[in-house]
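Examining the three-dimensional arrangement
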Amino acid sequence: MTDILPASPTASVASTTRKYRFATEVVTVDNSDDPHNAASVPIYQTATFKQKTATGSGEYDYSRSGNPTRTHVENHLAKIMSAERALVVTSGMGALDVITRLVSAGEEIIAGDDLYGGTNRLLTFLAKSQNVKTHHIDTTKSDSILPYLSDKTRLVLLESPTNPLIKISDIPTISKYVHERCPNALVVVDNTMMSPYLQRPLELGADISYHSGTKYLSGHHDLMAGVIGSKTAAVGDELYYVINATGCGLSPFDSWLLLRGVKTLAVRMDKQQASCIRIANYLEDQGFKVHFPGLRSHPQHDLHASMASGPGAVLSFETGDTGISERIVEGAKLWSISVSFGCVNSLISMPCRMSHASIPAHVRAERSLPEDLIRLCVGIEDVEDLLEDLEQALHISGALPSK
Ligand SMILES: *Cc1c(COP(=O)(O)O)cnc(C)c1O
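Conventions we followed
- Residues numbered from 1 in each chain as written.
- Predicted model: local features only at pLDDT ≥ 70, side-chain atom pairs only at ≥ 80, totals over all residues.
- Heavy atoms only, no water.
- Salt bridge = Lys/Arg side-chain N within 4 Å of Asp/Glu carboxyl O.
- Buried < 20%, exposed > 50% of the residue type's maximum accessible area, 1.4 Å probe, protein only.
- Near = heavy atom within 4 Å.
- Polar contact = N/O pair within 3.5 Å; in protein donor to acceptor, adjacent residues only side chain to side chain.
- Areas by Shrake-Rupley, 256 points an atom, 1.4 Å probe, with all protein chains shown as cover.
- Phe/Tyr/Trp six-rings, centres within 6.5 Å; stacked < 30°, edge-to-face > 60°.
- Helix = DSSP H or I, 4+ residues; strand = E, 2+ residues; numbered from the N terminus.
- Lys NZ or Arg CZ within 6 Å of the ring centre and 35° of its normal.
- Pairing = 2+ DSSP bridges.
- pLDDT = per-residue confidence, 0-100.
- Contact = heavy atoms within 4.5 Å.
- 1 Å grid on protein atoms, 1.4 Å probe; cavity = no way out; pocket = protein on both sides within 12 Å on 5 of 7 lines; lining within 4 Å.
- Points joined across faces, edges and corners; volume = space filled by probe spheres on them.
- Domains from an automatic or database assignment.
- Expected span 1.5 Å × (residues − 1).
- Nonpolar A, V, L, I, M, F, W, Y, C, P; charged D, E, K, R; others polar.
- Axes fitted to C-alpha atoms, helices over the stretch in contact; angles between N-to-C directions.
- Parallel < 35°, antiparallel > 145°, perpendicular 65-115°, else oblique.
- Left-handed = near helix turned anticlockwise from the far one by under 90°.

1. Quick notes on the pattern of salt bridges
Per the stated rule, a full pass over the model turns up 12 salt bridges. A salt bridge links Asp97 to Arg101; the shortest N-O distance between them is 3.3 Å. For Asp97, a relative accessible area of 26% corresponds to the partly exposed category. Note that Arg364 is salt-bridged to Glu371, the shortest N-O span being 3.1 Å.

In structure tokens, the structure reads:
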């Protein structure tokens with residue numbers, strides 16, 4: 001019996017179901033097993049756990065396999081993601097690495113054509129070194145997946161909204177197609193852009209939902225983490241096996257930071273989203289082409305609204321000129337030039353020069369990723385300051401006539 005799954009800490013299977021509304025559940029952490037009734041889950045900064053008997057069958061033995069602080073954040077995340085089981089690892093890319101290890105050589109992945117840059121890099125690596133081919137399709141048209149579904153299909157990887165073009169995929173329809181035609185395939189949604197507060201893909205038909213915990217879940221850009229939620233315990237066990245085998249589980253301290261950060265998810269997102277809606281309207285009023293699912297002009301506004309409870313706090317817009325875009329980005333003072341998003345501070349970037357630079361220029365062109373695109377990730381500052389700073393940058397760049 002060498003291939004039996006290692007004992008998983010029993011408590012890492014979510015025991016709590018949601019009773020209250022999201023904003024209440026997200027701040028309510030079940031710490032009832034704490035021997036001292038600590039209000040904050042303690043950091044179990046230990047690599048090993050002593051056993052009571054020679055045959056050692058305690059709940060925890062070694063922190064690669066399980067650690068109480070990690071278990072607490074996993075249980076809490078499972079609850080807010082509507083997952084049977086959640087697992088936390090050292091980064092969002094680490095989460096996708098764990099998920100893609102469910103794919104064997106010769107099997108296939110179907111993914112979108114406007115993916116996060118790092119996701120693209122990992123899929124390229126898998127094609128080259130593991131004989132796992134990825135078909136990139138336009139996931140905004142659900143039917144475009146049909147010709148690629150076969151008995152080789154193992155994962156269907158979606159982002160909605162995509163980043164940076166803010167394209168929407170119909171998660172329920174695509175999940176239905178996949179489950180009807182490919183019983184062995186799993187629908188996987190990278191839900192980083194929305195967070196579980198605004199969208200819960202497991203309630204929409206997906207089998208696995210994952211997040212870069214580096215973004216909204218932690219919220220302060222002080223930690224890297226990845227979160228995977230699975231709809232069934234069986235898939236959760238397979239994912240746990242990979243994490244224990246490869247040793248990418250999140251450290252006790254980072255698990256604690258993630259649990260601390262996620263409690264304010266709803267208040268942060270409410271504020272960030274409200275400001276982002278203001279800024280999207282302002283930019284559209286100035287005549288820019290704005291990509292944001294909260295705008296009526298977004299071609300998939302209604303589809304997004306049918307899946308998510310809000311448009312989020314990331315938008316992109318086109319200026320028509322890369323030089324102007326560079327001057328806007330450099331002219332903004334309050335908006336930091338930075339990759340990433342989901343932080344309490346507002347960020348500005350040019351995806352083609354930064355987060356998506358790892359996608360070759362000709363592929364960016366094929367996927368109609370505009371080189372002049374500017375991405376704004378709205379934080380919790382006073383929105384009037386954000387608007388004023390953006391406006392002065394638009395004037396000095398020449399995007400708007402100088403005042
Ligand atoms: C940041 C990000 C990732 C990767 O997460 P890391 O924590 O940086 O490894 C994956 N998907 C999306 C949509 C992201 O924004």
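2. Notes on the site of the ligand
Lining the immediate surroundings of the ligand are Ser91, Gly92, Met93, Tyr116, Asp190, Thr192, Ser212, Thr214, Lys215, Met224, Ala225 and Phe341. Taking Ser212, its side chain carries an N or O atom lying 2.7 Å from an oxygen atom of the ligand. Between the ligand and Lys215 there is a distance of 2.6 Å, counted from an oxygen atom to a side-chain nitrogen or oxygen. Protein burial of the ligand: of its 380 Å² of free accessible surface, 94% is covered by the chains.

3. What about the packing of aromatic side chains?
Within the structure shown, the criterion is met by five aromatic pairs. Centroid distance Phe22 to Tyr197: 5.2 Å. Interplanar angle 35 degrees. Geometry classified as tilted. Within this pair, whereas Phe22 is found in helix H1 (residues 22-25), its partner Tyr197 is found in helix H6 (residues 195-198), the two being separated by 175 residues in sequence. Side by side, Phe22 and Tyr197 carry an identical accessibility label, which is buried. The lysine or arginine in question, Lys215, covers the ring of Phe341, its NZ or CZ lying 4.8 Å from the ring centre.

4. A few points about the sheet that holds strand S9 (residues 314-318)
The mixed open sheet is built from five strands, whose spatial order is S8-S9-S12-S11-S10. Two strands lie at the open edges of the sheet, namely strand S8 (289-291) and strand S10 (336-337), each paired on one side alone. Inspection of the sheet shows strand S11 (residues 347-349) paired to strand S12 (residues 374-377) by three bridges, in the antiparallel sense. When the sheet's bridge partners are listed, Ile348 is paired in S12 with Leu376.

5. What to know about the confidence of the model for the chain
Regions with low pLDDT carry predicted coordinates that are not meant to be interpreted in detail. Summing up the model confidence of the chain, the mean pLDDT is 93 and the portion of residues at 70 or higher is 95%. Every residue in residues 1-8 scores below 50 in pLDDT, and together they form eight contacts with partners more than four places removed in sequence or on other chains.

6. A few points about the layout of surface pockets
There is about 350 Å³ of room inside the second largest pocket. For the second largest pocket, the lining is made up of 21 residues, of which Met93, Tyr116, Ser212, Lys215 and Ser340 are closest to its centre. When residues in the lining of the second largest pocket are grouped by element, the largest group, three residues, is from strand S6 (residues 208-212). Two domains each donate at least three residues to the lining of the second largest pocket, and these are domain 1 (22-262) and domain 2 (265-397).

7. Here's the deal with helix H4 (residues 117-130)
If you check H4, its first and last C-alpha atoms are 19 Å apart, about what 14 residues at 1.5 Å a residue would give, namely 20 Å. Gly117, Gly118, Thr119, Asn120, Leu122, Leu123 and Leu126 are the residues of H4 that are buried. On its buried face, H4 sits against helix H3 (92-100), strand S2 (108-112), strand S3 (133-137), strand S4 (153-159) and S6. Note on H4: the residue one or two positions beyond its end, Asn131, has a positive phi of about 55 degrees.

8. Structural notes on empty space enclosed by the protein
A full pass over the atoms with the stated rule returns four cavities of 30 Å³ or more. Approximately 50 Å³ is the volume attributed to the second largest cavity. Every residue lining the second largest cavity is listed: Asp113, Asp114, Leu115, His356, Ile359, Val363, Arg364, Arg367 and Leu369. Of the residues belonging to the lining of the second largest cavity, the class tally is four nonpolar, one polar and four charged. Split by domain, the lining of the second largest cavity shows at least three residues from each of two domains, domain 1 (22-262) and domain 2 (265-397).

9. Here we look at the packing of helix H9 (residues 265-285) against helix H13 (residues 383-397)
Contact pair H9 / H13: the axes reach a minimum separation of 10 Å and the direction vectors enclose 30 degrees. In terms of orientation, H9 lies roughly parallel with respect to H13. H9 and H13 meet at a crossing whose hand is right-handed. Of the residues in H13, those in contact with Ser275, Arg278, Ile279, Tyr282 and Leu283 of H9 are Val383, Glu384, Leu386, Leu387, Leu390, Glu391 and Leu394. Looking at the contact of H9 with H13 residue by residue, the class counts come to eight nonpolar, one polar and three charged.

10. Points about H3
Among the nine residues in H3, seven count as buried, and that is most of the element. Among all positions of H3, only Gly92, Gly94, Ala95, Leu96, Val98, Ile99 and Thr100 are buried. A distance of 3.4 Å separates the backbone nitrogen of Met93 from a side-chain oxygen at the start of H3, and that oxygen is part of Ser91.

11. Section: unusual backbone geometry
Omega for the bond connecting Ser160 with Pro161 falls within 30 degrees of zero, at -5 degrees, which places this linkage in the cis form. Here Pro161 shows up in the loop between S4 and helix H5 (171-181). Pro164 follows Asn163 through a cis peptide bond whose omega is 15 degrees. Mapped onto the secondary structure, Pro164 falls in the loop between S4 and H5.

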